[in-house]
Amino acid sequence: MNKYYLNEVLSLMPRLLSLLDRRPFSSTRGSFDKSYWHFKTSDFSNAAAQMGMETMARVWNINDSSNPYYKNENILNLTKCSLLYTVSIQHNDGSYDEWYYNERGWAGPTGYVLQSVCKTYQIIKDHLSEKEKSIVIDSIKRSCLHLDRRDEKNILANHIAVTIMSLTSSYEILQSPQLKDSIIKWWKFFQDYSFDEGWSLEYDGIDFGYNFASISFLSRTLNSIHLEGLEEYIYKSFNYLQYFFYPDGTFGGSLGSRNTEHLYPFAIEFWKEKLDIASRIDSLLKNKKIKLIPPSTQDDHYIMYRTNDYLEAYELHASKKQETSYLLPFEKEGHWTKEFKESGIIINKGVRSYFVSNLKKGGAFYYFNLNNSELNRKDSGLIGSLNGKLLTSSYSSNDWKATYHEKSFSTENRLEKVDNKLFNPLTSSIFKIVVMFLGSSTFLSYKLKSIIRSLLIVGRNPEKNIHYRREIIIQKDNIKVVDSLKGKASGNIMIEDDFTLRYVPQSQYFTEQKLSSSPKFHYKNKNTDFYLEREFEL
């Protein structure tokens, strides 16, 4: 499987290099943000795009007969230009901008960018002058200080993991005892937001793709620093996440708090020699029974996030392991039910079916037919235009009142209002003026980002007068799902569709499996209680 990862990245190199400003004497030479240096649609250079320099450095350094970029002098010079341009757009406090000017982001993007600065520096440092080395080292130190001093109000465990990873890469270069203490401090902070089931918090619940990301980021620290309990956490995480590899080859999805489906091959390659679960995932990948969302599917903003993970997976060159006899949960024989109460997940494996539901996301569920390995039902919950408002049950929250009985589960809460906030020319201009002045202060920029996240992502807006309940009953031959609304609700209702409403940048990617249709139940409701009962064969 290793060569696949290299070939995928090599096929993308023309696209990646087309995003790079390669013009001699250009003031933005080395920038990967084409919307800034070429299209002129942005008024600042997105620092996250600079992770492309690490991809160039790694490709330049890989000796493979299929790699035309190996030790190419032009690629080396462009990598040096990109590295020096990256540190030139860094703020004095050590931070970088990704989404707007004066963002001064924490792990995203400063942690990501710092990681790429460190890895690029380690690969090409023998080709840098002493002055250039000094400039890069000073930049690394400033970013480390920024990451150590700052934090985010809303918990994203993968951002803590990114911070630990990038500080560890910095420690490999700087060998600072204070940096080692900082890494241990952030690891303890990560543990505070991890659960015994084997997952860590992403805003308000479990998210499968980003929990796999945390495994990948944290695994990179194991050869450089000892973090007590880390390997145990990763074992638990693999044991938990195995339940969310599905019969149709997909992973995770809209049952999670952030709707992500992406895997990180580095983590699979790193652990497949030690863990049967990772070895089985690798085997299914080789046989195309699990479908990755490759960098080629992702937009220009995120292609650099993925290419480096692919190249590191290739570089591991793990020895061939004898095929494991281990099976993932959906592959195993028998009829069983599994509860993960901390995350709100229930799973039922029938003779011919695999059913997964998240009670802390309104009982959203996937129902798979094992006879043909297809997703027969995908239900993100209820959505409807009721009483002149767009309302839904599809939101992740600990406020859901979930109950667990033998073979019977339920969850209930109020519906949530859905807002789709967009900029217009006036609000866009006001926003840019605000960030220009308030963002000049690191403290105020963090306050502003917290407000933005609350408005666009994590803020709650419940509808007080409409109460929703979903009950899931596992019977001898079928699963019964019962939906009900209490309260005066007039308008259109739709149930049984796969939709995502939370703003998450690394989501909304199209895969072939999304072509499969699921029956959608449409209803007109007129100020009465609503009731719907469905049954699915086990």
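The preceding data block contains the structure.
Below you will find a few notes about this structure. (Residues numbered from 1 in each chain as written. Predicted model: local features only at pLDDT ≥ 70, side-chain atom pairs only at ≥ 80, totals over all residues. Heavy atoms only, no water.)

Some remarks on the overall build of the protein chain
No. 1: Along its length, the protein chain carries 15 helices and 16 strands.
No. 2: With the C-alpha coordinates of the protein chain rotated into their principal frame, the extents come out at 75 × 60 × 40 Å.
No. 3: Across the protein chain, the fraction of contacts at a sequence separation of at least 24, relative to all contacts at a separation of at least 6, is 71%.
No. 4: Counting every atom, the protein chain has about 22,700 Å² of accessible surface; 50% of that belongs to carbon and sulfur. (Helix = DSSP H or I, 4+ residues; strand = E, 2+ residues; numbered from the N terminus. Contact = heavy atoms within 4.5 Å. Areas by Shrake-Rupley, 256 points an atom, 1.4 Å probe, with all protein chains shown as cover.)

Quick word on the packing of helix H3 (residues 52–61) against helix H4 (residues 73–88)
No. 1: Where H3 meets H4, the axes come as close as 9 Å, and the angle between the chain directions of the two elements is 150°. As the angle between them shows, H3 and H4 are arranged roughly antiparallel. Note that H3 runs across H4; the crossing there is left-handed. Of the residues in H4, those in contact with Met53, Met56, Ala57 and Trp60 of H3 are Ile75, Leu76, Leu78, Thr79, Ser82, Leu83 and Thr86.
No. 2: Residues belonging to the contact of H3 with H4 are distributed by class as follows: eight nonpolar, three polar and no charged. (Axes fitted to C-alpha atoms, helices over the stretch in contact; angles between N-to-C directions. Parallel < 35°, antiparallel > 145°, perpendicular 65-115°, else oblique. Left-handed = near helix turned anticlockwise from the far one by under 90°. Nonpolar A, V, L, I, M, F, W, Y, C, P; charged D, E, K, R; others polar.)

Looking at a nonpolar patch on the surface
No. 1: Among the surface-exposed residues, Tyr101, Ile433, Met436 and Phe437 lie close enough to one another that they form a single nonpolar patch of about 440 Å² accessible area.
No. 2: Within the secondary structure, Tyr101 sits in the loop between H4 and helix H5 (110–124).
No. 3: On the basis of relative accessible area, Tyr101 is assigned to the partly exposed category, the value being 37%. (Patch = residues over 30% accessible without salt bridge, like charges linked within 9 Å, V, L, I, M, F, W, Y side chains within 5 Å. Salt bridge = Lys/Arg side-chain N within 4 Å of Asp/Glu carboxyl O. Buried < 20%, exposed > 50% of the residue type's maximum accessible area, 1.4 Å probe, protein only.)

A short note on the side chain of Ser254
No. 1: Along the chain, the position of Ser254 falls in the loop between helix H10 (230–241) and helix H11 (265–271).
No. 2: Since its relative accessible area comes to 4%, Ser254 is described here as buried.

Section: the nonpolar core
In globular proteins that are soluble, nonpolar side chains generally tend to be buried together.
No. 1: In this structure, Phe212, Phe238 and Phe244 are the most contacted members of the largest nonpolar core, which totals 121 residues.
No. 2: Aside from chain neighbours lying at most four places away, what touches Phe244 is Phe208, Thr250, Phe251, Gly252, Ile345, Ile347 and Val356. (Core = buried A, V, L, I, M, F, W, Y, C linked by side-chain atoms within 4.5 Å.)

Examining the packing of aromatic side chains
Two aromatic rings, taken as a pair, are described by how far apart their centres are and by the angle between their planes.
No. 1: Under the counting rule described, the total for this entry stands at 39 aromatic pairs.
No. 2: Summarising the aromatic geometry, the rings of Trp187 and Phe190 are spaced 5.6 Å apart at their centres and angled 15° between planes, so their arrangement reads as stacked. A residue pair is termed a helical-turn pair when its members lie 3 or 4 positions apart in one helix, as Trp187 and Phe190 do in helix H8 (residues 177–192) at three residues.
No. 3: Of the residues examined, Trp187 reaches a relative accessible area of 3% and is grouped as buried.
No. 4: The exposure class of Phe190 is buried, given its relative accessible area of 0%.
No. 5: In textbook terms, an aromatic cluster arises when at least three aromatic residues are bridged by ring pairs, as seen for Phe208, Tyr240, Tyr243, Phe244, Phe330, Trp336, Phe340 and Tyr354. (Phe/Tyr/Trp six-rings, centres within 6.5 Å; stacked < 30°, edge-to-face > 60°.)

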